[in-house]
Amino acid sequence: MVTLRTKELRRIHLTLDGKPVLARSGQTILDVARENDVYIPTLCYSDKLRPLGTCRMCLVEIEGTAMPVTSCTTPVSEGMVVHTDTANLDNLRRENLKLILTRHPYNCPSCDINGACELQDLVYRYDISHQDMHAYQIKPADFGETPWATPLITYHPRRCILCGRCVSACTEIAEVGVLAYKGRGSDTIIASTEPNEFGRECISCGECLASCPVDALVEANGQPKGKAWETKKVKTICTYCGTGCELILNVSGNKVTHVSPSRGGVNQGALCAKGRFGYDFINHKDRLRSPMIRRDGYWEEVNWDVALDYVADKFAAIKQREGADALAGLSSARCTNEENYLFQKLFRGVLGTNNVDHCARL
Ligand code: SF4
Ligand code: SF4
Ligand code: SF4
Ligand code: FES
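Values in this document were obtained by computation on a predicted structure and should not be read as measured data.

Remarks on the side chain of T188
Piece 1. Along the polypeptide, T188 turns up in the loop between β7 (179–182) and β8 (189–192).
Piece 2. For T188, a relative accessible area of 9% translates into the label buried.
Piece 3. In this structure the side chain of T188 is engaged in a polar contact, spanning 2.6 Å, whose partner is the backbone oxygen of G185.
Piece 4. Ignoring any residue separated from it by four or fewer positions in sequence, one finds T188 in contact with R103, L162, Y181, K182 and G183.

A few points about unusual backbone geometry
What is expected of a backbone is that most residues other than glycine have negative phi and most peptide bonds are trans.
Piece 1. Cis geometry marks the peptide bond from E194 to P195; its omega dihedral reads -10°.
Piece 2. Among the structural elements, P195 can be located in the loop between β8 and α5 (207–211).

A closer look at the pairing of strand β14 (residues 298–301)
Piece 1. Pairing between strand β13 (residues 292–295) and β14: four bridges, direction antiparallel. From the neighbouring strand, R295 faces β14, where its bridge partner is Y298.
Piece 2. Taking the residues that link successive antiparallel strands as the turn, the β13-β14 hairpin has two residues, and the phi of D296 there is positive, at about 55°.

Thoughts on the nonpolar core
Piece 1. Membership of the largest hydrophobic core comes to 38 residues, with the highest contact counts inside it found for L43, M57, L97, L119, L179 and L217.
Piece 2. Listed by contribution, the elements that provide at least two residues to this core are α2 (87–101), α3 (118–125), β6 (153–155), α4 (165–173), β8 and α5.
Piece 3. The two domains that each donate at least three residues to this core are domain 1 (11–85) and domain 2 (108–219).
Piece 4. In contact with M57, not counting residues within four places along its chain, are P41, T42, L43, R93, N96, L97, I100, L122 and Y126.

What to know about the sheet that holds strand β1 (residues 11–16)
Piece 1. One open sheet holds the five strands; their spatial order is β2-β1-β5-β3-β4, and the pairing between them is mixed. With partners counted over all chains shown, the strands left at the sheet margins are β2 (19–24) and β4 (69–70), one partner each.
Piece 2. Note that β1 and strand β5 (residues 81–83) share two bridges and pair parallel. Within the sheet, the bridge partner assigned to L16 lies in β5 and is V82.
Piece 3. Lying on the sheet, α2 is in contact with β3 (59–62) and β5; it crosses β3 at an angle near 150°.

Structural notes on the site of ligand 2
Piece 1. The full set close to ligand 2 counts 14 residues, and C160, C163, G164, C166 and C212 are the nearest of them.
Piece 2. Partitioned by chemical class, the residues of the shell around ligand 2 number 12 nonpolar, one polar and one charged.

What to know about the site of ligand 3
Piece 1. Close to ligand 3 lie C238, Y240, C241, T243, G244, C245, L271, C272, K274 and G275, which account for all nearby residues.
Piece 2. Along the lines of polarity and charge, the residues of the shell around ligand 3 split into six nonpolar, three polar and one charged.

Comments concerning the packing of aromatic side chains
Two aromatic rings are characterised by how far apart their centres lie and by the angle between their planes.
Piece 1. This structure, assessed with the given rule, holds three aromatic pairs.
Piece 2. Ring centres of F315 and F347 lie 6.1 Å apart, and the angle between their planes is 70°; on these two criteria the pair is classed as edge-to-face. With a gap of 32 residues between them, F315 in helix α7 (residues 304–322) and F347 in helix α8 (residues 337–351) connect regions that are remote in the sequence.
Piece 3. According to the relative accessible area criterion, F315 is partly exposed, its value standing at 25%.
Piece 4. Clustering of aromatic rings is evident, with ring pairs tying together F315, F343 and F347.

Some words on α3
Spacing of three or four residues puts side chains on the same side of an α-helix, whose turn is 3.6 residues.
Piece 1. Turning to α3, its buried residues are L119, Q120, L122 and V123. The buried side chains of α3 occupy one side of the element, clustering within an arc of 160° when seen end-on.
Piece 2. Packed against the buried residues of α3 are α2.
Piece 3. A positive phi of about 55° marks D127, the residue just after α3.

Definitions and limits used
Residues numbered from 1 in each chain as written. Chains lettered and ligands numbered in written order. Predicted model: local features only at pLDDT ≥ 70, side-chain atom pairs only at ≥ 80, totals over all residues. Heavy atoms only, no water. Helix = DSSP H or I, 4+ residues; strand = E, 2+ residues; numbered from the N terminus. Buried < 20%, exposed > 50% of the residue type's maximum accessible area, 1.4 Å probe, protein only. Polar contact = N/O pair within 3.5 Å; in protein donor to acceptor, adjacent residues only side chain to side chain. Contact = heavy atoms within 4.5 Å. Pairing = 2+ DSSP bridges. Core = buried A, V, L, I, M, F, W, Y, C linked by side-chain atoms within 4.5 Å. Domains from an automatic or database assignment. Axes fitted to C-alpha atoms, helices over the stretch in contact; angles between N-to-C directions. Near = heavy atom within 4 Å. Nonpolar A, V, L, I, M, F, W, Y, C, P; charged D, E, K, R; others polar. Phe/Tyr/Trp six-rings, centres within 6.5 Å; stacked < 30°, edge-to-face > 60°. Arc of directions from axis to C-beta.

Spelled out as C-alpha cells, the structure:
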C-alpha cells in the first residue's frame, strides 16, 4: 500500500457507506475502503505504485463536496462521510468505462490474457455488452513512427488504455524512468525517452509489462500464454543468482508459458530480466533431462545410479593416483545454500581437499 503521507499517524474517524470506521492520517479513501472490505473499482491503481488518478473508475461521493472525487488520490479527513455505492456513481463508472473502451478493441476471445484482464473484469461487472460510443481506431501511422519496443517487450498502442502504470513502474520500481506519455488527446501513446535526462536506458527488467492491467505490453518472444482458467500457478525461487527472488511459473499443458511476479519473498514482486524472461530453457527441446556418459566417442544416456557410480569411481581413481588435491569442485549459484553446504562437505570431508569454489566469485 503506497500512502500519500507517512509522517503523522493520527487517528481519523469517518463514515463509509453508513458505517463508522477508523483510519490513519495519510491513508486515502481507497486504502480505508480496502481495509474494511468495501469494494471500489480501480484500473490505474496498483498497490505497488503511488496513486495515479488517471482512470477515474474509483470515484466516490463525499457529503458536502459538489463533485465525486477519485478515492485513490483523496486522503481521508476527520468527520468525512463517504458513499462508494450509489446509482450516480454506478452510472458515472459505466460511462467512464465506455470512454476507456473507445481506444481498446472488443476482442477478448482472441486476447492472450482473456480471463486475467483487469479491464475485462470491470466490463463484465458493469455489464457492458456493447459499445455505443465511437471507437477510435489507433494506427501506428497516426504517430508517424513504429511504437516503442525492446528486444524483450512489444507495445501495442491499440490496446493501451493510457493508465500510466507502466510509466510509474519504470520510475518507481525499476528506478530508470525512460517511459512517458507522448502526443495529445486520442493520439496519445506510451513512448520511450531513452536515454533520459540522466542518461539512463531501459534495462529490460519488465516491470512496465508486469504492471500493465491489459495486454498492451507483451513479451516479444512469448509463447501463447494458455487460458487463465486452465493455467496452474507454481510458486518457486529464481535460480539464476543468489538473490533468490520469489516468482510464479504459469504452467499450461505441462509447459511453462510465462513468469509472473510473486508478491512475497525478498524481491516483493520485482524481478530482473533473467528471472522474468529467461524461462525458455525449461521446455527447450535440447535440454538435458538425464545424465549422459561418453563412451568410445558417443554420448550414452544412463540413469543416475550409473552416472554417480561412474563419477565416484573416477574420483577414487584420481585420488589414489595423484592425491586428494588433484581434485577440485566448483559449485553453482543455482543451488540452494543447503546444497552448497553439502557440496563443500563432500569435497572437504569425503574427498579430503579444500579445493572448493563457487561460480558467484568468478
Ligand atoms: S523494461 Fe524496465 S527499464 Fe525498460 S521501460 Fe520497462 S520498466 Fe523501464
Ligand atoms: S501500456 Fe499498459 S500500463 Fe502502460 S499506459 Fe498502456 S495500458 Fe497502462
Ligand atoms: S530475478 Fe534476477 S535478481 Fe532475482 S534471483 Fe533471479 S536473476 Fe537474481
Ligand atoms: S483507480 Fe483511482 S483514478 Fe484510477
